[in-house]
Amino acid sequence: MSPTGTWSYPTAIRFGAGRLKELPDACAAAGIKKPLLVTDRGLAPLDITTRALDILEGAGLGRAMFAEVDPNPNEKNLAAGIEAYKAGGHDGVIAFGGGSGLDLGKMVAFMCGQTRPVWDFEDIGDWWTRADASAIAPNICVPTTAGTGSEVGRASVITNSETHVKKIIFHPKVLPSVVIADPELTVGMPKAITAGTGLDAFAHCVEAFSSPHYHPMSQGIALEGMRLVIENLPRAYATPDDLEARAHMMSAAAMGATAFQKGLGAIHALSHPVGAVFNTHHGTTNAVCMPAVLDLNEPKIRDRFDRAAPYLGIEGGYDGFRAFVQEFNDGFGIPRQLRDLGVTAGRVDDMVAMALEDPSCGGNPVTLDADNVRALYEAVI
Ligand SMILES: [Fe+2]
């Protein structure tokens, strides 16, 4: 079986090795004649980015790029991106990269025609209806990692540069018009990033699967997403050019982000403040937090992992899964404590408060409060 396909769920996805060359077709499908490619500083000089720009230029679509994007994109990056978009007379965005390039690119397309500040569109209630939907430009997402799944999401995470708090900005029209998911773009990832991003996809699937909310479709997607990560992340890590493993990881990333409509949980609620305060890698931070969160949630999730374990090829039900997660982390060189990522206990009070305000809290099977969140931080730092 060749992992190639053309899907419309949850948006149009051109999936398969080599499909980056369809970028001009994707622009035509999205009605974009003068795209601005948005990526982050680290990716800007890489061959895959040059290849994308060459393909655009070869099709008469120019080679405009904006790459002043930080690893945790903020409102200043957004303002600069919008300025570049307007100055270049663009009519759509190609968001290219890992989470930062994709999230900021989606926001440039969303915000280029709005008059209110971006914080007015935080994912709270119906705040998204404040936006002028007719002024939203189309975006095409091209992921270059396999983890965030931002390419199938209707939101972006933007960090407030003053408070360091990460905000989720949501609008239904932020969903990309077209996704090009080409696993060839991920083969050059450093090993630590392959592991960290892949374990972010795993955390999305585990948290969505654990969430108590009713969403059977997401439940099924999360289960298969977990299986794909378990079977393919070790392969992609050991053999970076294993395109089949890379393809399955790219699927798992999109599946994790599709599934977490059902809810995330304490892993992400803990990890977002840590990332905002200490600038740690998101997926790696999640991986360190996962064992302690499974322990907290165990009374509520034991049954569902007892059912899932055989499908995942794991013996021993929930207990087997819990033991597996630690071994899985260890196999990728993930530290057991956040202190090994430079996190200190000095800001725990702040982080507890931030975690309890994080929207991910609502999906955790055990209700989170100041006591259990503090205990989790004490266990993982
Ligand atoms: Fe995540």
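Note that the coordinates shown come from a computational prediction; the quantities given were computed from them, not determined experimentally. (Residues numbered from 1 in each chain as written. Predicted model: local features only at pLDDT ≥ 70, side-chain atom pairs only at ≥ 80, totals over all residues. Heavy atoms only, no water.)

Further remarks concern the layout of surface pockets. Computed from the structure, the second largest pocket encloses a volume of approximately 230 Å³. At the level of elements, strand 8 (166-170), helix 8 (266-278) and helix 11 (348-357) are the ones that each hand at least two residues to the lining of the second largest pocket. The residues that make up the lining of the second largest pocket include at least three from each of domain 1 (5-185) and domain 2 (190-380). (1 Å grid on protein atoms, 1.4 Å probe; cavity = no way out; pocket = protein on both sides within 12 Å on 5 of 7 lines; lining within 4 Å. Points joined across faces, edges and corners; volume = space filled by probe spheres on them. Helix = DSSP H or I, 4+ residues; strand = E, 2+ residues; numbered from the N terminus. Domains from an automatic or database assignment.)

Counted under the stated rule, the structure contains nine aromatic pairs. Taken together through their ring pairs, the aromatic side chains of F202, F209, Y237, F305, F321, F324, F328 and F332 make up a single cluster. Its guanidinium or amino end placed over the ring of W127, R130 lies 4.2 Å from that ring's centre, counting from NZ or CZ. The ring of Y237 is capped by K191, whose NZ or CZ atom sits 4.7 Å from the centre of that ring. (Phe/Tyr/Trp six-rings, centres within 6.5 Å; stacked < 30°, edge-to-face > 60°. Lys NZ or Arg CZ within 6 Å of the ring centre and 35° of its normal.)

So, about the sheet that holds strand 2 (residues 12-15). Spatially, seven strands are ordered 1-2-9-6-5-3-4 in an open sheet, and the strand pairing comes out mixed. The open sheet terminates on both sides in strands that have one partner only, identified here as strand 1 (5-7) and strand 4 (65-66). As judged from the four bridges shared by strand 2 and strand 9 (residues 178-181), these two strands associate in the parallel manner. If you follow R14 over to strand 9, its bridge partner there is I180. Docked against the sheet, helix 4 (residues 99-111) engages strand 3 (35-38), strand 4, strand 5 (92-97) and strand 6 (139-143), running at close to 170° with respect to strand 5. (Pairing = 2+ DSSP bridges. Contact = heavy atoms within 4.5 Å. Axes fitted to C-alpha atoms, helices over the stretch in contact; angles between N-to-C directions.)

The iron ion binds to the protein through D200 (OD), H204 (NE2), H268 (NE2) and H282 (NE2), with metal-donor distances spanning 2.1 to 2.2 Å. The coordination sphere of the iron ion comprises four donor atoms, whose angles at the metal cover 85 to 169°; the geometry is irregular. Binding-site remark: the iron ion is held by donors from one chain whose sequence spacing is D-x3-H-x63-H-x13-H. In this pair, D200 and H204 both sit in helix 5 (residues 191-210), four residues apart, roughly one turn of the helix. Exposure class is identical for D200 and H204. Each is buried. (Donors = N, O, S within 2.8 Å, 3.2 Å for Na, K, Ca; no water. Tetrahedral: all angles 85-135°; square planar, octahedral: opposite > 155°, others 65-115°. Buried < 20%, exposed > 50% of the residue type's maximum accessible area, 1.4 Å probe, protein only.)

Bridge count for strand 7 (residues 155-159) against strand 8 is five bridges, and the pairing is antiparallel. When the bridges of strand 8 are listed, I158 appears paired with K167. Once strand 7 ends, the chain turns through six residues before running back antiparallel as strand 8, passing H164 with a positive phi of about 65°.

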